[in-house]
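# Working through the structure, step by step
Below, each chain spelled out in residue letters.
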Amino acid sequence: MKTAIIYKSIHHGNTQKIAEVMSETLKADLFDLKDVDPNITQKYDLIGFGSGIYYYRPHKKLRKFIEELETLENKKAFTFITSGNGKPNQWLNKKLTQKGFEVIGNFNCKGFDTYGPMKLVGGHNKGRPNEEDIKNAESFANNLKSKF
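The rules we used
- Residues numbered from 1 in each chain as written.
- Predicted model: local features only at pLDDT ≥ 70, side-chain atom pairs only at ≥ 80, totals over all residues.
- Heavy atoms only, no water.
- Axes fitted to C-alpha atoms, helices over the stretch in contact; angles between N-to-C directions.
- Helix = DSSP H or I, 4+ residues; strand = E, 2+ residues; numbered from the N terminus.
- Left-handed = near helix turned anticlockwise from the far one by under 90°.
- Contact = heavy atoms within 4.5 Å.
- Nonpolar A, V, L, I, M, F, W, Y, C, P; charged D, E, K, R; others polar.
- Core = buried A, V, L, I, M, F, W, Y, C linked by side-chain atoms within 4.5 Å.
- Buried < 20%, exposed > 50% of the residue type's maximum accessible area, 1.4 Å probe, protein only.

## Focus: the packing of helix α1 (residues 14-26) against helix α4 (residues 131-146)
Viewed as axis vectors pointing N to C, α1 and α4 meet at an angle of 40°, and their least axial separation amounts to 9 Å. Judged by the twist between their axes, the crossing of α1 over α4 is right-handed. Touching Lys17, Ile18, Val21, Met22, Thr25 and Leu26 of α1 are Asp133, Ile134, Ala137, Glu138, Phe140, Ala141, Asn142, Leu144 and Lys145, all from α4. When the residues that make up the contact of α1 with α4 are grouped by side-chain class, the tally is nine nonpolar, two polar and four charged.

## Focus: the nonpolar core
Judged by nonpolar contacts, the single largest core of 20 residues is most densely connected at Ile6, Phe49, Leu62, Phe65, Ile66 and Phe101. Only β1 (3-8), β3 (46-54), α2 (60-67), β5 (75-83) and α3 (91-98) provide two or more residues apiece to this core. Membership of the second largest hydrophobic core comes to 18 residues, among which are Val21, Ala28, Leu46 and Leu144.

Written as structure tokens, this is what we have:
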């Protein structure tokens, strides 16, 4: 199965760290969102989409990228996010499903957060994603591999 991971990571590189470990585990091609166009989805069977969360939604550039995708068939996807609260975010799943993807997995973890008001207090979740988060991302990716 040909796999790609597309991510948007800014500020502290939280999402990039997770994307890199998943890419290595899955032997996936890794792409920063700024380096891809929507046609990339035609070349892969499984695509991971990742972003930090900004005021309860993925980065606006990833949202725009997904909204501009054509509706596809027989494509599988997984999502991963890093956020200040570490909680799942359903925006990616909902939009990818609307675009014809079968979302087969979701990963989320806390990330160092200095966005918006967190900047005023020096941020929170310093050191995240940490070693345990990285191991959990690797385990998640290995679980995806076992599905194929």
